[in-house]
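So you can see what is in the structure, the chains are spelled out below.
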Amino acid sequence: MELLWMAEFFQGFSDPTRLKIINGLLLSELCVGDLSDLLGMSPPAISHHLFHLKRLRLVGSRREGRHVVYFLADSHIRQVFELCREHCAEGKGENP
């Protein structure tokens, strides 16, 4: 069961758009509009990916007035992202 949850967890990191969203949330908490502007994507597309990231418990949200602000769920998300970035940087120039 634990391995199943781990596989689902990594699904959140398996899509380039989701990685871009996580990367943006590393810098600050953002709403859908901010992420849409940052990534040059439509708000519905961003919302679709955020739905999956929330379902996988990679991001959390809170309402601030009329806006919903998104943030990384906890420090582990940052650690996994940074470890992956470091790992990939070590193998730069090598094809998978």
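All figures in this text were calculated on a predicted structure; none of them were measured in a lab.

Caption draft 1: Spatial organisation of the overall build of the protein chain. The helix and strand tally for the protein chain stands at 5 helices and 3 strands. Moving toward the C terminus, one meets the helices and strands of the protein chain in the order α-α-β-α-α-β-β-α. Overall size of the protein chain, expressed as C-alpha extent along the three principal axes, is 45 × 35 × 20 Å. Looking at the 96 residues of the protein chain, the share that counts as buried comes to 30%. Residue pairs in contact within the protein chain that sit at least 24 positions apart in sequence constitute 52% of those at least 6 positions apart. About 6,600 Å² of surface is accessible on the protein chain, with carbon and sulfur atoms providing 57% of the total. Positive and negative side-chain charges of the protein chain, numbering 11 and 12 respectively, have mean locations separated by a distance of 7 Å.

Caption draft 2: Representation of the pattern of salt bridges. All told, the structure shown has 3 salt bridges when counted by the stated rule. Between Arg62 and Glu64 there is a salt bridge, with its nearest N and O atoms 2.9 Å apart. Note that Arg85 is salt-bridged to Glu82, the shortest N-O span being 3.5 Å. Within this pair, Arg85 and its partner Glu82 are both found in helix H5 (residues 75-90), separated by 3 residues, close to a single helical turn. We classify Arg85 as partly exposed; its relative accessible area is 40%. Glu82 gets classed as partly exposed once you look at its relative accessible area, which sits at 26%. Salt bridges linked by common partners bring Glu29, Arg62 and Glu64 together as one network.

Caption draft 3: Looking closely at the confidence of the model for the protein chain. Here the protein chain shows a mean pLDDT of 93. Residues at 70 or above account for 96%. Per-residue pLDDT, averaged within each element of the protein chain, yields its smallest value for helix H1 (residues 2-11) (92) and its largest for strand S1 (residues 30-31) (98).

Caption draft 4: Structural context of the packing of helix H2 (residues 16-27) against helix H4 (residues 43-55). Where H2 meets H4, the axes come as close as 10 Å, and the angle between the chain directions of the two elements is 80°. Relative to H4, the element H2 lies roughly perpendicular. Note on element contacts: H4 touches H2 through Ile46, His49, Leu50, His52 and Leu53, opposite Thr17, Arg18, Ile21 and Ile22. Grouping the constituent residues of the contact of H2 with H4 by class yields 5 nonpolar, 3 polar and 1 charged.

Definitions and cut-offs
- The numbers attached to residues start from 1 for each chain and follow its sequence in the written order.
- Residue-level local features of this predicted model are given only where pLDDT is at least 70; pairs of side-chain atoms are given and counted only at 80 or more, and the full residue set underlies all totals for whole chains, interfaces and linings.
- Excluding hydrogens and water, the side-chain values take into account all heavy atoms of the structure.
- Here a helix means four or more residues in a row that DSSP labels H or I, a strand means two or more in a row labelled E, and each is numbered from the N terminus.
- Relative accessibility decides the category of a residue: with a 1.4 Å probe and only protein chains considered, values under 20% of the type maximum give buried, values over 50% give exposed, and everything between is partly exposed.
- Two residues form a contact once any of their heavy atoms are found within 4.5 Å.
- Only the protein chains shown count as covering a residue, and every accessible area follows the Shrake-Rupley method with a 1.4 Å probe.
- Neither His nor the chain termini are counted; the positive set is Lys and Arg, and the negative set is Asp and Glu.
- One atom stands in for each charge, and that atom is NZ of Lys, CZ of Arg, CG of Asp or CD of Glu.
- Between Lys or Arg on one side and Asp or Glu on the other, a salt bridge is scored when a side-chain nitrogen of the former is within 4 Å of a carboxyl oxygen of the latter.
- What pLDDT conveys is the predictor's confidence in a given residue, as a value from 0 to 100.
- Helix axes are fitted only over the stretch in contact, all axes being lines through C-alpha atoms; the angle between N-to-C directions runs from 0 to 180 degrees.
- Note on terminology: angles under 35 degrees are roughly parallel, angles over 145 are roughly antiparallel, angles of 65 to 115 are roughly perpendicular, and the others are oblique.
- Asp, Glu, Lys and Arg are counted as charged, while Ala, Val, Leu, Ile, Met, Phe, Trp, Tyr, Cys and Pro are counted as nonpolar; the rest, among them Gly, fall into the polar class.

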